[in-house]
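# Fold and contact review
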Amino acid sequence: MSIPYQIVVCGSLVPDPLQTLEPVSNPAGPALKNELMLPAVLDPWAGHALFEAAHLAKQHPGSKVWLVTIGPRAKLQQVMMIVAQKVPFELVALDGPASGFAESAEIAAALAEAIQAIPGLDRSRLLLFGGWESASRGAGTTMQMVGERLGITDQFQGVDQLTITPDGSLRVLERVEGGKHQVSLCTGLPALLGWATGNLPEPPNNPQVGMLNMRTVMPALQRAKPVKIANDGVAFASVALPKQRRDTRIVKDLSTDDIAREIVEWIGKD
Amino acid sequence: METILFLAQTEANGSLGKAALEALSAAKALASDLAGSILIAGLVGGDVQVGADQISSCGAARFVAVAGPDFVPSRYSTDLVAAAALCTAASATIIVAPATSRWNRVLAGVSQRLDGRIDAHVTGTTVANGQPGITRWYYRQRMEAVVQRTRRPWFILLDPGCGEPWSGAVGTASVELVSAALTDAQRRTTVAGIQAPPADQQTIRPDAKLLFVAGAGWTKAQPDGKAHPEEAETLILGFLAATKASLGSSKSLVDLSGEGHAVLKFMTHLNQVGQTGSTPRHPKGLSTCCHGEEPHTVGWRFITERRAINLNPNCSWAQGKADVLYVADAFEVMRKINALLTARA
Ligand SMILES: Cc1cc2nc3c(=O)[nH]c(=O)nc-3n(C[C@H](O)[C@H](O)[C@H](O)COP(=O)(O)OP(=O)(O)OC[C@H]3O[C@@H](n4cnc5c(N)ncnc54)[C@H](O)[C@@H]3O)c2cc1C
C-alpha cells in the first residue's frame, strides 16, 4: 500500500561546529559572541531528518516535503543556498532566533502555528519529522511540544530507521540505552519522528534541484513572518565556558614498551 | 514551597533502576533545601509495588502510581497519559525524572499538555537564595548554564551518572493507584522488542570504567604505505575483550564504515562520540588514531581522565584536551598493550 505522504520537517540552523563559541550576556538574555557573524549550517540531526524525508518521498510517488524553519532571515538565506541543492522541498520560514537559549516551548508554539497554516494538510497522510535534539539547545523537547500542539500522540525519538510495511504501518527503530534499538510498530498516521543519524549519507549538491527549490525558497524567505520569543519566566543565573583546560603532558621520547606499560598501569588504577 | 514529584518507571523485574534512584536523590535534596516543600513519589509500570517498597523509606509523603499491562511498554501515547495523571494527582510544581530514553521521549509532551516548562539533559540541581535552579549544557557541551524558572509545573530530566543513587531500607509503601483511561488510538503503537547486536559484538558499555576511542587513522595508509584494517580490527577487539572497555569512534571512522568500506565491521554510528554523536560518561578515556578536533572532543565533556595516542605531536589533543598525549604509533603501542594484558590474565 503506497500512500502519498505529506512530510513536514522542522529544522533550524546552528553555528558551524568548527567555530569557537563564547557566551555573552545581552539585556534580553544570553547569546553567542558575534552570533550573526558566525558561519552557520543546517542543524545536523534535522538535516538527517530532511534527507530521510526526501528519500521516503521519492519512494512514494505523490509525496511532498516541507521544511519549516525559524531563524534570522539573513542567515536562513545563506544556509538555504546550500541546503536547497540537496533534496527537493518547499520552505516555510519564520524570521526569529535560532539561539540555543530561546525557550523551546515558545519556539514550538510558533512552529505548530506555521504547520497548521500549510494549505491542504491532511492528518491521515502526515509525518512530522525533526532532529531528536538540536546542536544548539540540545534538549530534544521542541518536537514533542509541536506534536502535542498538533494532537500527534504517536511519537518516536532517536530514530535511526523507518520502514513502511506492506500494509502501510510504520516500523520504527529508536535509540535506547546501551547501544540498542527499540522496535515499534505504528498502524496509523499522523506520527512524529525525531531523527538521530539514520542511515543515509548526505546527498551531493544537485544544481537542478537547487534551481527548482529556489523558486519557492526566495519568496518564502521574503514572506517570513517575524517571531518574538519572550523567554517568559526563564532566568539564566550564569552561562560560562568550562574552566578546565588540561595541562597536556606530551610524551615524545618514551619507548613503545614503556608507553604500553604506563597505559596498562593507568587503566588498572582505581 | 514546592510539591516535588519524583517520577520513574519500573524495570522489567519491577524494581527501580540506578538512573531513577539518582533522580530520587536530586528530588529529595530539592525537597529538603526548599523550605516547606514536600516530596511525592510517582511510578509508572506493569506492577509498581516492588519499586515502591524499594523506596518506601525515602521520605515521600505519598506514593502515587499508574499501573497495568498498558503501561509496561516504553511508548509515548501511554506514558503521556500516565505521567500527566500523576502530575495532576500530586498537584506537582516540580517534577524530577531520570533522563532515560523513555522519559526523554515523552516528558516535554507532558509539559506542553500541562502548560509547564521543561529542562532536559540536566546535570545538577541547586538551591540559591531559596530559589531552585538547574545546571545544563548548551551548544553540545560547549557552555554550561544555571537556569531558574518561575513557571510551574517545571519538568526536570536529570541525566544518568550525575549524582549518587538514593539507597535506604526496603519496607512496605502504601500506593495510591491513579486511573489513566486510554482510548484505542493510544494503543495503535506496539513495541515489538529490542534489537541489539549479539552479546560478543556489543561494544557500547555505558557502565565501563574506560572509553576506548578509535579514529580514522586506523584505516589510513601507515608508514609502509599501506592500510591495515584487518590488524586494526584484531587489535581493537582484542583490547576490548581484555578490558571490557566501551568503544567510541570519531565521525570520520563511522562515516567510512557507512560508505561500505571494508573497515571495522563492528563499528556503527551508535559508537560515534561528539557533536553529532554521544556524550558518554566514563572515569577514563583513551583515544587512538583520532585527531581530537573540537566536534569530536565536545563528546568527551564527561570523561574525567583523558589520554591519547597519536603520531602527530600537534594534533588537537595536545591543545589542552588530554592529560597525556603519547606521540607514537597506535598499532605498535596497542600490540604491546594487548600482549601485556594477555600476560596478566
Ligand atoms: C556538522 C559536523 C558535525 C561533526 N560531528 C562530529 C562528531 O560528532 N564526532 C566526531 O568525531 N567528529 C565530528 N565531526 C568531524 C570532525 O570535525 C573531524 O573531521 C573528525 O572528528 C575527524 O576524525 P578523526 O580524528 O578520526 O580523523 P582524522 O582527522 O583523519 O585524523 C586521523 C588521526 O589519526 C592519526 N593517526 C594515523 N595513523 C596513526 C597511527 N598509526 N598511530 C597514531 N595515530 C595515527 C593522525 O595523526 C590523525 O591525527 C563533525 C563535523 C561536522 C562538520
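Here the structure is shown first, and the text comes after it.
Residues numbered from 1 in each chain as written. Chains lettered and ligands numbered in written order. Predicted model: local features only at pLDDT ≥ 70, side-chain atom pairs only at ≥ 80, totals over all residues. Heavy atoms only, no water.

### A short note on the site of the ligand
- Contacts to the ligand come from 30 residues, most closely from Lys220, Gln222, Ser250, Gln272 and His291 of chain B.
- Those residues lying near the ligand are distributed over chains A and B.
- One of the backbone nitrogen or oxygen atoms of Lys251 of chain B is found 2.9 Å away from an oxygen atom of the ligand.
- At 3.4 Å from an oxygen atom of the ligand is found a main-chain nitrogen or oxygen belonging to Gly277 of chain B.
- Surface burial for the ligand is 83%, taken as the share of its 990 Å² of free accessible area covered by protein chains. (Near = heavy atom within 4 Å. Polar contact = N/O pair within 3.5 Å; in protein donor to acceptor, adjacent residues only side chain to side chain. Areas by Shrake-Rupley, 256 points an atom, 1.4 Å probe, with all protein chains shown as cover.)

### Thoughts on the side chain of Lys86 of chain A
Residue and element names in this part refer to chain A.
- Considering the arrangement of structural elements, one finds Lys86 in the loop between α2 (73-83) and β7 (90-95).
- Here Lys86 falls in the buried class, since its relative accessible area comes to 14%.
- A polar side-chain atom of Lys86 sits 3.0 Å from a polar atom in the side chain of Glu202.
- Ignoring any residue separated from it by four or fewer positions in sequence, one finds Lys86 in contact with Phe51, Glu202, Pro203, Pro204, Asn205 and Val209. (Helix = DSSP H or I, 4+ residues; strand = E, 2+ residues; numbered from the N terminus. Buried < 20%, exposed > 50% of the residue type's maximum accessible area, 1.4 Å probe, protein only. Contact = heavy atoms within 4.5 Å.)

### So, the interface of chain B and chain A
- Each partner contributes to the interface: chain B provides 88 residues, whereas chain A provides 90 residues.
- Carbon and sulfur atoms make up 55% of the area that chain B and chain A hide from each other, which totals about 7,700 Å².
- Of all residues in chain B, Gln112, Tyr139 and Arg188 of chain B bury the most surface against chain A, accounting for 11% of the area lost on that side.
- Counting across the interface, chain B meets chain A through 10 salt bridges.
- The salt bridge partner of Asp232 of chain A is Arg151 of chain B, with a shortest N-O separation of 2.8 Å.
- Inspection of the chain B/chain A interface yields 55 residue pairs in polar contact (both at pLDDT 80 or more).
- It is helix α4 (residues 101-113) of chain B that contributes the most residues to the side of chain B that touches chain A, nine residues altogether.
- Counted by class, the side of chain B that touches chain A contains 42 nonpolar, 23 polar and 23 charged residues.
- Inspection of the sheet shows strand β11 (residues 180-186) of chain A paired to strand β10 (residues 189-195) of chain B by six bridges, in the antiparallel sense. Note that in β10 of chain B the partner of Val183 of chain A across the bridge is Gly193 of chain B. (Buried area = accessible area lost by both parts, 1.4 Å probe. Salt bridge = Lys/Arg side-chain N within 4 Å of Asp/Glu carboxyl O. Nonpolar A, V, L, I, M, F, W, Y, C, P; charged D, E, K, R; others polar. Pairing = 2+ DSSP bridges.)

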